[in-house]
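Structural overview for review
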Amino acid sequence: MLKKILQKNPYQLLATAAFVDLFILCVCWEWFISPLRPGGSWLILKGIPLLFAIPGLWKGKVYTMQWASMLILLYITEGLVRILETGANFWMAVLETILATTGFVCLLMYLKPIKQEAKSLAKKKAQAE
């Protein structure tokens, strides 16, 4: 099984790991580390969209990676906004920003050669016609 995992693209693995870690961070942050209200808050639900992306990222589905690269921008934005808070929220926001940025960059690096290949195929097809 380890051999099968290591055969995957490293950017794919890093992006998937970033999404999993970001989901865990979101849940922990809003549930017990530093919730808006004692006992947790409804902001815990912000991690749910990440769950929809993780299986597709793991399988290497290009369409999922495309929309996930747009989704992750919301988490980068939230991290950058909440970085102005104090205490534990500051460190959680820094971690969220780092994880989300890592996931975004890895998705772009994974998709870049795929997009270049698709463009070259479209160009060859147009020239053949």
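Please read these numbers as outputs of a predicted model, since none were measured by experiment. (Residues numbered from 1 in each chain as written. Predicted model: local features only at pLDDT ≥ 70, side-chain atom pairs only at ≥ 80, totals over all residues. Heavy atoms only, no water.)

1. What to know about the side chain of Asn 89
- In this structure, Asn 89 sits in helix H5 (residues 88-128).
- Look at Asn 89 and you get buried, because its relative accessible area is 13%.
- Separated by 2.8 Å, the side chains of Asn 89 and Glu 85 make a polar contact.
- With sequence-adjacent residues up to four places away left out, Asn 89 is seen in contact with Trp 29, Ser 34 and Arg 82. (Helix = DSSP H or I, 4+ residues; strand = E, 2+ residues; numbered from the N terminus. Buried < 20%, exposed > 50% of the residue type's maximum accessible area, 1.4 Å probe, protein only. Polar contact = N/O pair within 3.5 Å; in protein donor to acceptor, adjacent residues only side chain to side chain. Contact = heavy atoms within 4.5 Å.)

2. Some thoughts on the side chain of Arg 82
- Structurally, Arg 82 can be placed in helix H4 (residues 62-82).
- Ignoring sequence-local partners within four residues, the contact set of Arg 82 consists of Trp 29, Glu 30, Leu 36, Leu 43, Lys 46, Asn 89 and Ala 93.

3. As for H4
- An ideal rise of 1.5 Å per residue puts 30 Å on 21 residues; H4 measures up with 31 Å between its terminal C-alpha atoms.
- The largest bend along H4 measures about 25 degrees and falls at Ser 69.
- Along H4, the residues that are buried comprise Thr 64, Met 65, Ala 68, Ser 69, Leu 71, Ile 72, Tyr 75, Ile 76, Glu 78, Gly 79 and Arg 82.
- For H4, the elements touching its buried residues are helix H2 (10-33), helix H3 (48-59) and H5. (Expected span 1.5 Å × (residues − 1). Bend = angle between axes of the 7 residues up to and from the residue.)

4. Points about the packing of aromatic side chains
- Per the stated rule, a full pass over the model turns up two aromatic pairs.
- Here Phe 90 and Trp 91 contribute two aromatic rings whose centre-to-centre distance is 4.8 Å and whose plane-to-plane angle is 80 degrees, an arrangement assigned as edge-to-face.
- Looking at Lys 46, its charged tip hangs above the ring of Trp 29, at a distance of 4.4 Å from the centre. (Phe/Tyr/Trp six-rings, centres within 6.5 Å; stacked < 30°, edge-to-face > 60°. Lys NZ or Arg CZ within 6 Å of the ring centre and 35° of its normal.)

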